[in-house]
Amino acid sequence: MKKEERIVTNLKLTDLSKRYGQVEVLKHINLDIKSGEFMVFVGPSGCGKSTLLRCIAGLEEITGGTLEIEGEVVNDRAPSKRGIAMVFQSYALYPHMTVYDNMAYALKIANAHKDEIETKVAAAAEQLQLTPYLQRLPGQLSGGQRQRVAIGRAIVRDPKVFLFDEPLSNLDAALRVATRIQIAKLHETMVKTTMIYVTHDQVEAMTLADRICVLRDGRIEQVGTPLELYEQPQSLFVAGFIGSPKMNLIEGDKAKPFNAHTVGVRSEHMTVSPDSGTWSGTVIHTENLGSDSYVYIDMGQEDPVVVRVDGSTKYRSGDTIHFSPVDDKIHRFDTNGKPIS
Ligand SMILES: Nc1ncnc2c1ncn2[C@@H]1O[C@H](COP(=O)(O)OP(=O)(O)OP(=O)(O)O)[C@@H](O)[C@H]1O
């Protein structure tokens, strides 16, 4: 392999599989992750996101295929020798050590020089706004501060690859936003560090990722930039999974005028008119978010259709409403859930 290629692709998963006994939970995963890339794994509960992350970290044995880091197969390499640092949802801090000692621990174990430890811990603390807390114990910190210590502990090791397993899911809404922004900034400053991030949160996936990898039942369903997945889903599954609120999926007779088995239209790509439209239904609920409202409409399908309207527009439950898709924003799918071009 040429040197340039090695620098470009940082992690290469080839036919990677993972079995627990008879159960195959990861099935022939092929994925290249570039150096410095922020890759987010998403997918329904149980699809294998955490297992894939743990296989990359070396916390789970890979049972088939290969994992390469910078061109070298590392399947049998110990976690500590992979140049990887992992941040968990649960923080996993040492409760009896100060913030400083928690952050310094890995460097001490690696016999780093005292000056180097001090410099690195101070720099990470500064970057994460933890300098005032260095002498506190984890129990004397908020959840957000603890998670920042966990991140700081990983930064000082100067990893090639940073793994995050739902790091924000224990935080309340405001802290989630603040810490998410901090992680995005971290990615901007650590330009050469590859980051792989598992989340259930649509906003985290869309805002943090350079590319999102959608997993389904142990396989990769689609990999692409957030906008590619949002605008060009390659399956009904991805169409229904990416985005909040979910894409409206309209089936049966109501999809026939579009020569499709299923028609997908996002909430923001519907126009409402008072007396006629492609579809109509009954308003069952309206959520007013201030600038916009989401109108939930029953049109005889299992799931209501959600249409975004201006926040000043008023609808009452029981009103009949007519709406149409914006012409060039219609996604058509065949009986196999594949897009019709
Ligand atoms: N040690 C184990 N032994 C057997 N099966 C396991 C083990 N660990 C995980 N699994 C199974 O592997 C599958 C993938 O689990 P994993 O935790 O990777 O999913 P996930 O996508 O991260 O889910 P979630 O979003 O709920 O955290 C699940 O069906 C799970 O039950």
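Residues numbered from 1 in each chain as written. Predicted model: local features only at pLDDT ≥ 70, side-chain atom pairs only at ≥ 80, totals over all residues.

## So, the overall build of the chain
Our working rule: For helices the rule is a DSSP run of H or I covering at least 4 residues; for strands it is a run of E covering at least 2, with both sets numbered from the N terminus onward. Burial is judged by counting other C-beta atoms within 10 Å of a residue's own C-beta: 20 or more means buried, 12 or fewer means exposed, and anything between counts as partly exposed, with every C-beta placed from the backbone. Any pair of residues counts as being in contact when their C-beta atoms, constructed from backbone geometry, are within 7 Å of one another.
When you go through the chain residue by residue, the secondary structure sums to nine helices and 18 strands. Within the chain, the proportion of its 341 residues that are buried is 35%. A separation threshold of at least 6 residues defines the contact pool for the chain, and within that pool the share at least 24 residues apart is 62%.

## Overview of the site of the ligand
We apply this condition: The criterion for a residue being near a molecule or strand is simple: its C-beta atom, placed using the backbone, must lie within 6 Å of it. All amino acids are sorted into three groups, where Ala, Val, Leu, Ile, Met, Phe, Trp, Tyr, Cys and Pro are nonpolar, Asp, Glu, Lys and Arg are charged, and the leftover types, Gly among them, are polar.
Around the ligand sit Y20, V23, V25, G43, S45, G46, C47, G48, K49, S50 and T51, and that is every residue in its neighbourhood. A total of three residues in the shell around the ligand trace back to one element, the largest contributor, which is helix α2 (residues 49-57). Each residue belonging to the shell around the ligand can be placed in one class, and the counts come to four nonpolar, six polar and one charged.

## Notes on the packing of helix α3 (residues 99-109) against helix α4 (residues 114-127)
Put simply, the rule reads: Axis definition: a line fitted to C-alpha atoms, over the contacting stretch in the case of helices. Angles run 0 to 180 degrees between N-to-C directions. An angle below 35 degrees is treated as roughly parallel, one above 145 as roughly antiparallel, one from 65 to 115 as roughly perpendicular, and anything else as oblique. Helix crossings fall into two classes, left-handed where the near helix is turned counterclockwise from the far one by less than a right angle and right-handed where it is turned clockwise.
In the contact formed by α3 and α4, the axes pass within 10 Å of each other and the chain directions differ by 135°. One element, α3, and the other, α4, form an angle in the oblique class. You can see that α3 and α4 cross each other, and the crossing is right-handed. Taking contact as the criterion, the partners of Y100, M103, A104, L107 and K108 in α3 are, on α4, I117, K120, V121, A124 and A125. Of the residues in the contact of α3 with α4, the class split is eight nonpolar, no polar and two charged.

## Examining the sheet that holds strand β11 (residues 248-251)
The pairing of strands in a sheet comes from backbone hydrogen bonds and takes either a parallel or an antiparallel form. Under the convention used in this document: In this analysis, strands are considered paired if DSSP registers two or more bridges between them.
Ordered in space as β11-β12-β18, the three strands form an open sheet in which the pairing is antiparallel. The sheet is open, and its two borders are formed by β11 and β18 (331-333), each paired with just one other strand. Averaged over neighbouring strand pairs, the angle between their axes works out to 25° when direction is ignored. Note that β11 and strand β12 (residues 262-265) share four bridges and pair antiparallel. Looking at the pairing, N248 lines up with V265 of β12.

## A few points about the confidence of the model for the chain
How we decide: Note: pLDDT gives the predictor's confidence per residue, expressed from 0 to 100.
Per-residue confidence for the chain averages 92 on the pLDDT scale, and 97% of its residues sit at or above 70. Counting contacts from residues 1-7, a segment whose pLDDT is below 50, to residues more than four positions away or on other chains yields five contacts. Reported for the predicted complex are a pTM of 0.89 and an ipTM of 0.97.

## Remarks on the pairing of strand β16 (residues 305-310)
Where strand β15 (residues 292-298) lies against β16, six bridges are found, and the strand directions are antiparallel. Paired with Y296 across the bridge in β16 is V306. Counting the residues in the hairpin turn of β15 and β16 gives six residues, including G300, whose phi is positive at 85°.

## Some remarks on the nonpolar core
Rule in force here: In this usage, the nonpolar core is the set of buried Ala, Val, Leu, Ile, Met, Phe, Trp, Tyr and Cys residues whose C-beta atoms join them within 7 Å.
Counting 82 residues, the largest nonpolar core has V40, F41, I56, M103, L163, I196 and V214 as its most contacted members. Apart from residues no more than four positions distant in its own chain, F41 is found in contact with K49, L52, L53, I196, V198, C213 and L215.

## Re the domain arrangement of the chain
So the rule is basically this: For the purposes of this description, domain bounds are those given by an automatic or database domain assignment.
For the chain, the domain assignment lists domain 1 (3-235) and domain 2 (245-333). Between the C-alpha centres of domain 1 and domain 2 the distance comes to 38 Å.

## Section: the UniProt feature "domain: ABC transporter" (unreviewed entry) in the chain
Counted only if it meets this: UniProt positions are given in the numbering used here, feature names are shortened, and annotations may be inferred rather than shown by experiment.
The positions that UniProt labels "domain: ABC transporter" (unreviewed entry) are, in the present scheme, residues 11-242. Summarising residues 11-242: 36% helix, 27% strand, and an end-to-end C-alpha distance of 25 Å.

## What about the sheet that holds strand β8 (residues 194-198)?
Judged by pairing direction, the sheet is mixed, and its six strands sit side by side in the order β6-β7-β8-β3-β9-β10 without closing on themselves. Each edge of the open sheet is held by one strand with a lone partner, namely β6 (84-88) and β10 (219-224). Each strand of the sheet is rotated relative to its neighbour by a mean of 20°, with strand direction disregarded. Two elements, strand β9 (residues 211-216) and β10, share five bridges in a ladder whose sense is antiparallel. Counted as the bridge partner of L215 is I220 from β10.

## Side note on the packing of α3 against helix α5 (residues 143-155)
Following both chains from N to C, one finds α3 and α5 inclined at 30°, their axes separated by 7 Å at the closest point. The orientation of α3 relative to α5 falls into the category roughly parallel. Between α3 and α5 lies a crossing whose hand is right-handed. For the pair α3 and α5, contact is made by V99, N102, M103 and A106 and by V149, G152 and R153, respectively. Split into classes, the residues belonging to the contact of α3 with α5 amount to four nonpolar, two polar and one charged.

## Observations regarding the pairing of β6
Judged by how many residues are buried, β6 sits mostly within the fold: four of five residues are covered. Two elements, β6 and strand β7 (residues 161-165), share five bridges in a ladder whose sense is parallel. Paired with M86 across the two strands is L163, which belongs to β7.

## Side note on unusual backbone geometry
Residues other than glycine predominantly adopt negative phi, and peptide bonds predominantly adopt the trans conformation. Here the amide bond leading from S244 into P245 is cis, since omega sits at 0°, within 30 degrees of zero. Relative to the helices and strands, P245 is located in the loop between α9 (236-241) and β11. We note that D15 has phi near 50°; this positive angle belongs to a residue other than glycine. Phi at D158 is positive, roughly 55°, even though this residue is not glycine. One can find D158 in the loop between α5 and β7. The exposure class of D158 is partly exposed, given the 14 C-beta atoms found within 10 Å.

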